[in-house]
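# Chain and residue survey
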Amino acid sequence: MTGQDSFTTLLLEETEDGVSASIKELGESALPEGDVTVAVQYSSLNYKDGMVLNGLGKLVRTYPHVPGVDLAGTVMQSDSPNYKAGDEVILTGWRVGEAHWGGYATRARVKSDWLVPKPAGLSLKECMAIGTAGFTAMLAVMALEDHGLTPDADGEVLVTGAAGGVGSVAVSILAHLGYEITASTGRDETHAYLKDLGATSIIDRAELAAPPRGPLGKERWSGAIDNVAGSTLTSLLASLGYGASCAAVGLAGGPKLDSTVIPFLLRSVNLLGIDSVMCPTARRIDAWTRLARDLPRNKLLAATHTAGLADVPELGGRILRGQVRGRTVIDLSL
Ligand code: NDP
């Protein structure tokens, strides 16, 4: 199939052994319902895409499926009064790429309510270099600020899973805002990269995940952004300063939380849940405005690779194994 009516996609199909992804040409009539059709130029690779591409976590219920939890492109056709052909738009969250066809296709049909106009000062490609992971990093920073974190607080801000997508953008934003940051990573080869992004010091992932000696450790962190959960989160909660907060973003190290309530009772610490998927639109727009302002372009580019649709299946496995550094933009023209 060729021509105006067709588009290229990485289609995920159910097989006897699980799922299998291959590049396909589909007709526009295959697109799901929605009031806006977008010519997608860029998407990105996120941890959840790795799960979807490998059929994990029951995130996708209906096949065939187009993965890609975010997208950036130009409106082709719109039945919504809020958008017209030619408008540049971005989309993250709302279970796109899970419950609805996502960004790993040159065309997407979506609900206009899910879209955000491209923020001034960022290109479409830069928006996807930020993508779901970077947007989430900004939501985490904003949540810590809402709970009183300022750059002059005692102690460094801890970022776990720091060499990953959320972690890399979080370190870059915090450094730009003047925070002292400890970056936790399990990969020695990323130390120089994390220092370049602005980390003040590095702590090994294994050291951080070691169980605390008791329910409370030394007051060490003025705040934390945690992408890992499991024993790392348990241990960091015991080392937060009095009244400090941890923004819980992810579970790359497992979903369990085995903390006592003592840090909450005796140190008044806060555990703040971060959800980028159903985040209200006003908060989204605030976060994108902040990203255009508080994320230095050179740091973003240093943390970004570009890949094509054909590379995505392999990258989906690598991100689950913790082998992807920083952010990966998927360029639909490659
Ligand atoms: P990445 O894979 O890019 O980063 C995760 C990082 O976690 C890795 O780079 C690695 O960092 C570390 N890591 C990986 N495996 C383990 C392990 N077994 N134990 C300890 N650390 C590990 O993923 P993202 O940055 O895109 O996402 C991070 C997490 O946040 C994921 O769980 C994801 O699902 C979640 N997420 C949540 C969102 C929300 O709305 N709450 C939105 C976006 C993501 P290093 O090598 O430095 O140790």
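Please read these numbers as outputs of a predicted model, since none were measured by experiment. (Residues numbered from 1 in each chain as written. Predicted model: local features only at pLDDT ≥ 70, side-chain atom pairs only at ≥ 80, totals over all residues. Heavy atoms only, no water.)

A count of helices and strands for the protein gives ten helices and 15 strands. Taking 2.2 N^0.38 as the reference for a compact globule, 334 residues should give roughly 20 Å; the C-alpha atoms of the protein span a radius of gyration of 20 Å, in line with that estimate. Taken along its principal axes, the extent of the C-alpha atoms in the protein is 65 × 45 × 35 Å. When burial is assessed residue by residue, the protein has 54% of its 334 residues classed as buried. Considering only residue pairs separated by 6 or more positions, the protein has 70% of its internal contacts joining residues 24 or more positions apart. (Helix = DSSP H or I, 4+ residues; strand = E, 2+ residues; numbered from the N terminus. Rg over C-alpha atoms; globule rule 2.2 N^0.38 Å. Buried < 20%, exposed > 50% of the residue type's maximum accessible area, 1.4 Å probe, protein only. Contact = heavy atoms within 4.5 Å.)

With respect to the secondary-structure elements, Ala153 resides in the loop between helix H2 (124–146) and strand S8 (156–159). The spatial distance from the C-alpha of Ala153 to the C-alpha of Val269 is 14 Å, given a sequence separation of 116 residues.

Strand order across the open sheet formed by six strands is S10-S9-S8-S11-S12-S13, with parallel pairing between neighbours. Among the strands making up the open sheet, the edge pair consists of strand S10 (201–204) and strand S13 (270–273). With strand direction ignored, the average angle separating the axes of adjacent strands in the sheet is 20°. Pairing geometry for S8 and strand S11 (residues 221–226), over four bridges, is parallel. In the sheet register, Val157 faces S11, and the bridge partner there is Gly223. The strands touched by helix H3 (residues 165–176) are S8, strand S9 (181–185) and S11; relative to S8, the strand with the most contacts, the crossing angle is about 165°. (Pairing = 2+ DSSP bridges. Axes fitted to C-alpha atoms, helices over the stretch in contact; angles between N-to-C directions.)

Interfaces are frequently sized by the accessible area removed from exposure as the parts join. For the protein, the assigned domains are domain 1 (6–118 + 303–331) and domain 2 (132–273). Here the C-alpha centre of domain 2 lies 29 Å away from the C-alpha centre of domain 1. With 13 residues of domain 1 at the contact, the number on the domain 2 side is 14 residues. Summed over the shared surface of domain 1 and domain 2, the number is zero salt bridges. Here the residues of the side of domain 1 that touches domain 2 are counted per class, giving four nonpolar, six polar and three charged. (Domains from an automatic or database assignment. Salt bridge = Lys/Arg side-chain N within 4 Å of Asp/Glu carboxyl O. Nonpolar A, V, L, I, M, F, W, Y, C, P; charged D, E, K, R; others polar.)

On to helix H8 (residues 281–294). If you check H8, its first and last C-alpha atoms are 20 Å apart, about what 14 residues at 1.5 Å a residue would give, namely 20 Å. Taken residue by residue, H8 has Arg284, Ala287, Trp288, Arg290, Leu291 and Asp294 as its buried positions. Angularly, the buried residues of H8 cover 160° about the axis, an arc narrow enough to put them on a single face. Exposed side chains of H8 directed beyond 90 degrees from the buried face belong to Ala282 and Arg293. Residues of H8 that are buried in the fold lie against strand S5 (88–92), strand S7 (116–117), H2 and H3. (Expected span 1.5 Å × (residues − 1). Arc of directions from axis to C-beta.)

Glancing now at the environment of Ala238. Note that Ala238 resides in the loop between helix H6 (230–237) and strand S12 (240–248). For Ala238, a relative accessible area of 2% gives the class buried. Residues Ala238 and Thr260, 22 residues apart in the sequence, show an inter-C-alpha distance of 8.9 Å.

On to the packing of aromatic side chains, then. Across all of its chains, the model carries one aromatic pair by this definition. Taking the ring centre of Tyr193 as reference, the NZ or CZ of Arg325 above it sits at 3.9 Å. (Phe/Tyr/Trp six-rings, centres within 6.5 Å; stacked < 30°, edge-to-face > 60°. Lys NZ or Arg CZ within 6 Å of the ring centre and 35° of its normal.)

Bringing H2 into the picture now. A rise of 1.5 Å per residue sets the reference length of H2, with its 23 residues, at 33 Å; its end C-alpha atoms lie only 29 Å apart and thus fall more than 12% short of the reference. Bending of H2 peaks at approximately 70° at the position of Gly131. Looking one or two residues past H2, Gly148 carries a phi angle of roughly 95°, positive in sign. (Bend = angle between axes of the 7 residues up to and from the residue.)

Between side chains of opposite charge, pairing is possible as soon as their charged atoms come close. Scanning all chains against the criterion turns up twelve salt bridges. A salt bridge links Arg267 to Glu219; the shortest N-O distance between them is 3.6 Å. Of this pair, Arg267 sits in the loop between helix H7 (262–266) and S13 while Glu219 sits in the loop between helix H5 (205–209) and S11, and the two are 48 residues apart along the sequence. With relative accessibility at 46%, the residue Glu219 sits in the partly exposed group. Where Arg293 meets Asp294, a salt bridge forms, and the shortest distance between an N and an O atom there is 3.2 Å. Several salt bridges share partner residues, and in doing so they unite Glu145, Arg290, Arg293 and Asp294 into one network.

Moving on to the pairing of S11. Within S11, six of the six residues are buried, leaving the element largely enclosed by the surrounding structure. A crossover links S11 with its parallel partner S12, the connecting element being H6, and its sense is right-handed. (Right-handed = clockwise from strand over helix to strand, strands pointing away.)

Before going further, it helps to spend a moment on the packing of H2 against H8. Where H2 meets H8, the closest approach of the two axes is 9 Å, and the angle between their N-to-C directions is 105°. Classified by the angle between their axes, H2 and H8 sit roughly perpendicular to one another. Along its contact with H2, which presents Cys127, Ile130, Gly131, Gly134, Phe135, Met138, Leu139, Val141, Met142, Ala143, Glu145 and Asp146, the element H8 presents Arg283, Arg284, Asp286, Ala287, Trp288, Arg290, Leu291 and Asp294. (Parallel < 35°, antiparallel > 145°, perpendicular 65-115°, else oblique.)

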